[in-house]
Amino acid sequence: MDFELSEEQRAITETTRRFVEKEMPRQQVLQWVRDKVEPPQELFKKLGKMGYYGFLLPEAYSGLERPDPMGMLAFVEQFARASSAITTAWGRVAVILAPMVAKFGTQAQKDIVLPKVMAGEIFMALGLTEPGSGSDAASLRTTAVKRADGHWVISGEKLYCSQAKSAGFLILAARTDPHAVKQEGISTFLIPNPGSNPAIELTRIETMGLGPVPTFSAHFRDLVLPPDALIGPENKGWQCVLGGLDNERLYHGAIGVGASQAIIDEVVVYLKQRVQFGKPLSKLQSVRHKIVDMQLRTDAARLLVYRGASVLEKTGACHNEASFAKVAGAECYMHCAYTGLHLLGGYGYTVDSGLPMHFQDAKLFEIGGGAMEVQRDIIARGMGL
Ligand SMILES: Cc1cc2nc3c(=O)[nH]c(=O)nc-3n(C[C@H](O)[C@H](O)[C@H](O)COP(=O)(O)OP(=O)(O)OC[C@H]3O[C@@H](n4cnc5c(N)ncnc54)[C@H](O)[C@@H]3O)c2cc1C
């Protein structure tokens, strides 16, 4: 297998690295983390101008002639160096939800949503998880009842609806056939401006990390949606959701790889100049081995992420490979955040080192988008177990 990046993809790596250094310096990112505010939309509009929302979108919307998952991962790896959290604000739009609209939406839905996405003008939110259904997401209980005039009435509660307040669109999964078995009775809906809809009550949930990407509980109190809010066929919403989740798992793996590499690079620079016992700490064998193990895990995770991208590029979908990528990338990130912080000593414990931010953010990737055990179950099924 040849996972060599093309010349264009290497250019994406270089351009994104320069972009991140200029637009997202450490102190600016830490300020967003401290203030728990989203970065300005202007930052994302610049990404739009660079074409970085189009990796998985069709050419008709100024996307690419062919989807470019490898290019997408080249971008994610570099962007996540600055902040894994802020990468999810881009990814929820570019990787999970806009491709869902492009694949399953009506022409009108595509015309409304995708140009805004390509311009980096909007955030998007996903309402899937509920108080009673997380890992077992298909057992969701929020209902969408069709009225005689074809309108839908939504009632229920969603949890961890990230960026729902500022989102231009929320994609909601709701039960439209209460008698069908789990996955069979779910549909997906497109809801504009959820943050200013009086029938949706949003309450911020305080989280350990992910400060610049706020998450909310969302109460739907008889929210009325027009018939054309439905995305894809009625009761077939689970298919829409699944493709998005696979994409999410793959790019979460890439986030883990990019953030881990950023930690390693900083640890190496610091330990080469930090002298204790008369020599740089990088010369101590037990320290060197820890750094090597971080790099080993990161390189292994990178190969699994690239394999997932290659399968997605060739077949248009990747399921098992996405779970491999997610487990490897997320566990590697957690390991590197923990070990990196330790190796920097007291400095690692300071906010300015950036390690506490990584440490708090990394845990999300072992839980959100499907916990590690759920990913291992998917892999096990793929192995015929
Ligand atoms: C910051 C944040 C942002 C999020 N953003 C969104 C969002 O925008 N939209 C959205 O819909 N959801 C979002 N989520 C929800 C996220 O996807 C869920 O938290 C995740 O799927 C796990 O569900 P749960 O929290 O209900 O955990 P549970 O399902 O209660 O699981 C708890 C633990 O049980 C174990 N476990 C679960 N299943 C198994 C199994 N099959 N085998 C063995 N062990 C198992 C795992 O250790 C797991 O961590 C977000 C979550 C967080 C924390």
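Cut-off values and rules
- Residues numbered from 1 in each chain as written.
- Predicted model: local features only at pLDDT ≥ 70, side-chain atom pairs only at ≥ 80, totals over all residues.
- Heavy atoms only, no water.
- Near = heavy atom within 4 Å.
- Polar contact = N/O pair within 3.5 Å; in protein donor to acceptor, adjacent residues only side chain to side chain.
- Areas by Shrake-Rupley, 256 points an atom, 1.4 Å probe, with all protein chains shown as cover.
- Helix = DSSP H or I, 4+ residues; strand = E, 2+ residues; numbered from the N terminus.
- Nonpolar A, V, L, I, M, F, W, Y, C, P; charged D, E, K, R; others polar.
- Domains from an automatic or database assignment.
- Core = buried A, V, L, I, M, F, W, Y, C linked by side-chain atoms within 4.5 Å.
- Buried < 20%, exposed > 50% of the residue type's maximum accessible area, 1.4 Å probe, protein only.
- Contact = heavy atoms within 4.5 Å.
- Axes fitted to C-alpha atoms, helices over the stretch in contact; angles between N-to-C directions.
- Parallel < 35°, antiparallel > 145°, perpendicular 65-115°, else oblique.
- Left-handed = near helix turned anticlockwise from the far one by under 90°.
- Arc of directions from axis to C-beta.
- UniProt positions renumbered as here; feature names shortened; annotations may be inferred.
- Phe/Tyr/Trp six-rings, centres within 6.5 Å; stacked < 30°, edge-to-face > 60°.
- Lys NZ or Arg CZ within 6 Å of the ring centre and 35° of its normal.

### Topic: the site of the ligand
If you check the shell around the ligand, you find 17 residues, and the closest are L126, T129, S135, Y160 and E373. In this structure, a nitrogen atom belonging to the ligand sits 2.9 Å away from a side-chain N or O atom of S162. With respect to the ligand, the side chain of E373 contributes an N or O atom lying 2.7 Å from an oxygen atom. Considering the ligand on its own, with 980 Å² of exposed area, one finds that the protein chains cover 64% of that surface. With three residues, helix α12 (residues 372-382) is the largest single contributor of residues to the shell around the ligand. For the shell around the ligand, a count of residues per class yields seven nonpolar, seven polar and three charged. Per-domain counts for the shell around the ligand show at least three residues from each of domain 2 (126-235) and domain 3 (238-382).

### Observations concerning the nonpolar core
Grouped together as the largest cluster of nonpolar side chains are 103 residues, with contacts concentrated most on W90 and M124. With 15 residues, helix α7 (residues 237-273) is the single largest residue contributor to this core. With sequence-adjacent residues up to four places away left out, W90 is seen in contact with F44, L47, Y52, Y53, F55, M72, F75, V76, V95 and Y251. Counting 22 residues, the second-largest nonpolar core is a separate cluster that includes A125, C161, A167 and L202.

### As for the environment of A229
Structurally, the position occupied by A229 is in the loop between β7 (215-225) and β8 (230-231). Taking relative accessible area as the criterion, A229 reaches 5% and is therefore assigned buried. Residues A229 and P192 lie 37 residues apart in sequence; the distance between their C-alpha atoms is 9.3 Å. Excluding residues within four positions of it along the chain, A229 makes contact with Q109, T188, F189 and L190.

### Here we look at the packing of helix α4 (residues 69-82) against α7
The contact between α4 and α7 brings their axes to 7 Å, and the two run at 45°. With respect to each other, α4 and α7 are oriented oblique. Between α4 and α7 lies a crossing of right-handed hand. Listed contacts from α7 to M72, L73, V76, E77, A80 and R81 of α4 are L250, Y251, A254, I255, V257, G258, A259, Q261, A262 and D265. Of the residues assigned to the contact of α4 with α7, the class counts are eleven nonpolar, two polar and three charged.

### Considerations on helix α3 (residues 41-49)
Listing the buried residues of α3 in full gives L43, F44, L47 and G48. Considered in projection along α3, the buried side chains sweep an arc of 150° and stay on one side of the axis. In this structure, the buried side of α3 is in contact with α1 (7-23), α2 (26-35), α4, α5 (84-104) and α6 (107-118). Two residues or fewer after α3 comes G51, characterised by a positive phi angle close to 85°.

### Describing the UniProt feature "domain: Acyl-CoA dehydrogenase/oxidase C-terminal" (unreviewed entry) in the protein
Sites flagged by UniProt as "domain: Acyl-CoA dehydrogenase/oxidase C-terminal" (unreviewed entry) map to residues 235-383. Taken as a whole, residues 235-383 contains 80% helix and 3% strand, while its terminal C-alpha atoms sit 29 Å from one another.

### Side note on the packing of aromatic side chains
For any pair of aromatic rings, the description rests on two quantities: the centre-to-centre distance and the angle between the ring planes. All told, the structure shown has twelve aromatic pairs when counted by the stated rule. Their ring planes at 25° and their centres at 5.1 Å tell us that F75 and F79 sit as a pair that is stacked. Of this pair, F75 and F79 both sit in helix α4, separated by four residues, roughly a single helical turn. Neither residue differs from the other here; F75 and F79 are each classed as buried. Among the aromatic residues, those joined into a cluster by ring pairs are Y52, Y53, F55, F75, F79, W90 and Y251. Above the face of the F324 ring, R307 is positioned so that its terminal group lies 4.8 Å from the ring centre.

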